[in-house]
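# Chain and residue survey
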Amino acid sequence: METFEFHYGQLQSTVAKHLPGADTALIDQAVEYARNKHKEQKRKDGSPYIIHPLAVAKVVAEMGLDLDAVLGALLHDCIEDTDASHEEIERLFGQTVAELVEGVTKLTRANFSSTEQAQMENLRKMFMAMSKDIRVVLIKIADRLHNMRTMQYQTPAKQVSKCRETMDIYAPLAHRLGMQKIKWELEDIALRYLEPEEYDGIMSYLRAHKEQDEAFMHTIQDTIAQRLDSVDIHHTAYGRIKHVYSIFRKMRAQDKSLDELYDVYAFRVIVDTIPDCYNVLGHIHDLFNLVPGRFKDYISTPKPNMYQSLHTTVIGTQGIPFEVQIRTWEMHEVAEYGVAAHWKYKQGTGEGNEKDFEWVRRLLESQQDTDAEDYVQSLKIDMFDDEVFVFTPKGRIVSLPAGSTPIDFAYAIHSGVGNSMIGAKVNNRITTIDATLKNGDIIEVLTSKNAKGPSRDWLNICKSNQARTKIKQWFKKEKREENVLHGRASFEAEMRRMGLPLSLTIEPELGPQLLKKLSFDTWEDMYAAIGYGGLTAVKAVGRIRDDINRALKNQQSDKQMTPSVLRNVGDPEAGKANRHAVNGIIVEDIDSCMIKFAKCCTPVPGDGIIGFITKGFGVSIHRIDCPNTANRHEPIQAARWVNVRWANQDSQPFDTTLELECVTRDGLLLDVATIMTSNRIRTKELNGKDLPGGKSVFTVRFEVKDVDELESIRNKLMAIPDVISSRRGQN
Ligand code: MN
């Protein structure tokens, strides 16, 4: 039986039936090519390998797919198993066929087995995402079907693992694509190897009751046929026992033996038109007693996988319940072959050019999501290409929005991982945390207990809302002081941009009124909200602009009004808008003085700062945490320390220094330099010196525009292997 000639003949007659007019010479050529390429190979049962592609091509032809798909099926194992190349197949059979074969090969090489049930959904999605052409998936399903049909020649271990994979990936896929017939066959074969005892139990029960079942089904069938003939409805009616796996599942779910099981019989009535379907339904309900609550109209609301039929359950004369499915021939075709049937239909109407998911997607979109059990949502996602699937080092799949970065990945794992992230490896190579992830990448997040937490520019880098929300949460919680500072700076900048005087916000009456309008108790709270991104400065100012303008008008018309600047003398908040910034710094109470930045702590915008009035050199700006500011509360010194703040964000760059403590190794200096240049940081000085104990310290002096950029570059430097710690320089 298992001869080349037999299978070739089978394929030829199937093609003649389903693809009349197809170029059979091309099929003969592909058969000859594949036979020649596989000639050294044997199937597990000893038969020539070519039998397998012939059988797969037959299944593909039965599905109603086109000639390219049949050729693709014939050649589907050539690239993987023989010396055939993409180029050669393209030259001989065209680009489409070569791409189909390439696509199937890719799926063959990917490993879709997983032990984690929770991962199955993602595996299925990845399977779909990897196949650019729906025909690739269909050929792969046909391939699996034939391998399942010949499963008896495999080792028991292989049988179990392949059947598991079939249950997890292929049967659900066939279901989603609406290919009921193939889905059932896959499930029944898999059950036979996965639950042999239960399978045998059901089979022997069915065998023992065969005569009884058949007699029953004949009676019902005759009853239905007589009635429909008498009213002249052209139809085909037949009964069947539901497939083994669905019986098995019902027994499990309802914890019942076969004897007790409800509806194992299903009758099908196939008619020509939709009105006939409803007519037949009426006759069925007239002939038998209806089981309440079991009628389903999948004609008016099709299942998301395109399935359409009327379902009802009734009780026959012997008190045995059975299901009746009523459908048209077209619905029947779709129920059996799903997507492939639609494919065929499309081809027939001459609109067969949309050979991609776009077409399937639209088809599915037009379906109503009627059943929570169904998968239209996830299927849509597959089609949209808007997800990327990556792995943890342990093989867990994580799905992220397309364009995601290691930051998104880290926060998808856990916010703790994201917050302590200092770098990432993609496919075992150190990468920047803003790299774009690709399907199948393996991501390892490098974390450190000493990590300083996310930096603000991560909010612009990450793609997932999840990461963005978690980063904002962190800033909200951990960085109040910094948030207040940041928020205040952007609020004041926006006020200036709108030409509104800041002084009004602290007027005794207007101030609280504005705060109320903003729904905050204190200005600090409001600044903090802007700082962590809960509110934008533009929005905040927009909310109070009218009130301020109204107050300004009143002031102008009120001649008695003391100028607010004067009235607020001595108040540190007063008159801010009038102060001039020098080198990006505003010194409170002093206008236009000389400013220099202390060498000891090299502050950058965003740092908390304080000024020291020097003798003859103006005001020297220190970081508030600089050791040299420790004496500022001493009575003698206190008068020389003044409050200062950053004028705005977009000032010229600032020098700063980082000291990196490292484990000494070759190439470290180069690694540091690479990070600096690849991030376009102007480096002014970079040197290293060895410390005792195999350690060294690198000093990098460079330009940044603010503390965010500084933190971002610091995180990148910390991601270099062997860098242990970093600190802001004290020259
Ligand atoms: Mn194969």
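Residues numbered from 1 in each chain as written. Predicted model: local features only at pLDDT ≥ 70, side-chain atom pairs only at ≥ 80, totals over all residues. Heavy atoms only, no water.

## Some words on the overall build of the protein chain
Test applied: Helix numbers and strand numbers start at the N terminus; a helix is a DSSP run of H or I with at least 4 residues, a strand a run of E with at least 2. Think of it in three bands: with a 1.4 Å probe and only protein chains considered, a residue is buried below 20% of the maximum accessible area for its type, exposed above 50%, and partly exposed in between. Accessible surface area values rest on a Shrake-Rupley calculation with a 1.4 Å probe, where residue burial reflects the displayed protein chains alone.
Helix and strand counts for the protein chain come out as 31 helices and 21 strands. Split into buried and exposed, the 731 residues of the protein chain put 51% on the buried side. Of the roughly 34,900 Å² that the protein chain leaves accessible, carbon and sulfur atoms contribute 49%.

## Here's the deal with the packing of helix α2 (residues 24–37) against helix α6 (residues 86–93)
For the record, the criterion: A fitted line through C-alpha atoms represents every axis, and for helices the fit uses only the stretch in contact; the resulting angles, taken between N-to-C directions, go from 0 to 180 degrees. Throughout this description, any angle smaller than 35 degrees is read as roughly parallel, any larger than 145 degrees as roughly antiparallel, any in the 65 to 115 degree range as roughly perpendicular, and the remainder as oblique. By convention the crossing between two helices is left-handed if the near helix lies anticlockwise of the far one by an angle smaller than a right angle, and right-handed if it lies clockwise. Contacts between residues were defined by any pair of non-hydrogen atoms, one from each residue, lying within 4.5 Å. Only Asp, Glu, Lys and Arg are considered charged, only Ala, Val, Leu, Ile, Met, Phe, Trp, Tyr, Cys and Pro nonpolar, and every remaining residue, Gly among them, polar.
Across the interface, α2 lies against α6 with an axial gap of 11 Å and an inter-helix angle of 155°. With respect to α6, the axis of α2 lies roughly antiparallel. Read as a crossing pair, α2 and α6 show a hand that is right-handed. Contacts from L26, Q29, A30, Y33 and K37 of α2 reach α6 at E88, I89, L92 and F93. Class assignment for the residues of the contact of α2 with α6 results in six nonpolar, one polar and two charged.

## A short note on the sheet that holds strand β9 (residues 421–426)
Short version of the rule: We treat two strands as partners when DSSP finds at least two bridges between them.
Pairing is antiparallel in the open sheet, where three strands are placed in the order β10-β9-β11. Unpaired on one side and paired on the other, β10 (429–431) and β11 (443–447) mark the two borders of the sheet. For this sheet the average axis-to-axis angle between neighbouring strands, irrespective of direction, equals 35°. In this sheet, β10 lies alongside β9 in antiparallel orientation, the contact comprising three bridges. Note that in β10 the partner of V426 across the bridge is R429. Running at roughly 110° to β9, helix α20 (residues 406–413) makes contact with β9, β10 and β11 of the sheet.

## Re the pairing of β9
For β9, a buried count of five out of six residues is recorded, marking the element as mostly surrounded by other parts of the structure. Bridging between β9 and β11 involves five bridges; their strand directions are antiparallel. Looking across to β11, one finds that A424 is bridged to V445.

## Re the pairing of strand β19 (residues 683–691)
Across eight bridges, the pairing between β19 and strand β20 (residues 695–704) is antiparallel. Paired with G688 across the strands is F698, a residue of β20. A loop of three residues connects β19 with β20, the two strands running antiparallel in sequence, and G693 in this loop sits at a positive phi of about 85°.

## Some remarks on the nonpolar core
Convention followed: Definition of nonpolar core: a set of buried residues of the types Ala, Val, Leu, Ile, Met, Phe, Trp, Tyr and Cys, connected through side-chain atoms within 4.5 Å.
Counting residues in hydrophobic clusters, the biggest one holds 98 residues, and the most contacted among them are M63, L75 and I89. In this structure, V388, A410, I443 and L518 belong to the second largest nonpolar core, which totals 47 residues.

## Side note on the sheet that holds β19
Reading across from one edge, β19-β20-β18-β21 is the order of the four strands in this open sheet, with antiparallel pairing throughout. Pairing within the sheet leaves two strands with one partner each, and these edge strands are β19 and β21 (723–728). Direction aside, the axes of adjacent strands within the sheet are offset by 20° on average. Contacts between helix α31 (residues 707–718) and the sheet are confined to β18 (654–663), β20 and β21, with β21 contributing the most and set at about 160° to the helix.

## Digging into helix α26 (residues 523–532)
In terms of burial, α26 is a largely internal element, eight of the ten residues being buried. Those residues of α26 not exposed but buried are W523, M526, Y527, A528, A529, I530, G531 and Y532. Of the residues flanking the end of α26, it is G533, one or two places downstream, whose phi is positive at about 95°.

## Details of the packing of aromatic side chains
Definition in use: When two rings of Phe, Tyr or Trp (its six-membered ring) have centres within 6.5 Å they constitute a pair, described as stacked for plane angles under 30 degrees, edge-to-face for angles over 60, and tilted for the intermediate range. Two limits define a charge over a ring: the Lys NZ or Arg CZ must be within 6 Å of the ring centre, and within 35 degrees of the ring normal.
Applying the stated rule across the entire model yields 17 aromatic pairs. Where F216 meets F322, the ring centres are 6.0 Å apart and the plane angle is 75°; that geometry is what we call edge-to-face. Here F216 is found in helix α13 (residues 210–230), whereas its partner F322 is found in strand β6 (residues 321–328), with 106 residues between them in sequence. Judged by its relative accessible area of 3%, F216 is buried. Taken together, the ring pairs connect F216, Y265, F267, F288 and F322 into an aromatic cluster. Across from the ring centre of F4, 3.7 Å away, lies the NZ or CZ of R35, which sits over that ring.

## A closer look at helix α4 (residues 67–74)
Counted residue by residue, α4 has eight buried out of eight residues, so it is predominantly covered. Looking at α4, one finds that the buried residues are L67, D68, A69, V70, L71, G72, A73 and L74. On its buried side, α4 packs onto α1 (4–18), α2, α3 (51–63), α7 (95–109) and α9 (134–149).

## Brief notes about the environment of P48
Counting through the fold element by element, P48 comes out in the loop between α2 and α3. A C-alpha to C-alpha distance of 8.2 Å links P48 and H38, two positions ten residues apart in sequence. In this structure P48 touches E2, Q41 and R43, once residues within four positions along its chain are discounted.

## Points about the environment of Y170
Position of Y170 relative to the elements: it lies in helix α10 (residues 156–176). A relative accessible area of 3% places Y170 in the buried class. Sequence spacing of Y170 and I182 is twelve residues, and the spatial spacing of their C-alpha atoms is 9.6 Å.

## Examining the confidence of the model for the protein chain
What counts here: pLDDT runs from 0 to 100 and stands for how confident the predictor is about each residue.
In the predicted model, the protein chain carries a mean pLDDT of 80, and the fraction of residues at 70 or more is 83%. Counted against residues more than four places away or in other chains, residues 361–384, with its pLDDT under 50, gives 44 contacts. Here residues 559–578 is a poorly scored stretch, pLDDT under 50, and it has 22 contacts once near neighbours within four places are set aside; other chains count.

## Quick look at the pattern of salt bridges
Here is the rule we go by: A side-chain nitrogen of Lys or Arg and a carboxyl oxygen of Asp or Glu constitute a salt bridge if their distance falls within 4 Å.
Applying the stated rule across the entire model yields 32 salt bridges. When the shortest N-O distance is used, the salt bridge between E214 and K210 registers 3.4 Å. Of this pair, E214 and K210 are both found in helix α13, four residues apart, which corresponds to roughly one turn of the helix. Owing to a relative accessible area of 46%, K210 belongs among the partly exposed residues under this scheme. Because the salt bridges share partners, they merge into one network encompassing D655, R682, K684, E685, R701 and E703.

## Some remarks on the environment of E524
Within the secondary structure, E524 sits in helix α26. Owing to a relative accessible area of 43%, E524 belongs among the partly exposed residues under this scheme. Not counting chain neighbours up to four residues away, the residues in contact with E524 comprise R480 and V484.

## Overview of unusual backbone geometry
Backbone geometry places R680, a non-glycine residue, at a positive phi of 55°. Residue R680 is classed as exposed on the basis of its relative accessible area, which comes to 78%. Not every positive phi belongs to a glycine, and D722 is a case in point at roughly 80°. Residue placement: D722 occurs in the loop between α31 and β21. Since its relative accessible area comes to 33%, D722 is described here as partly exposed.

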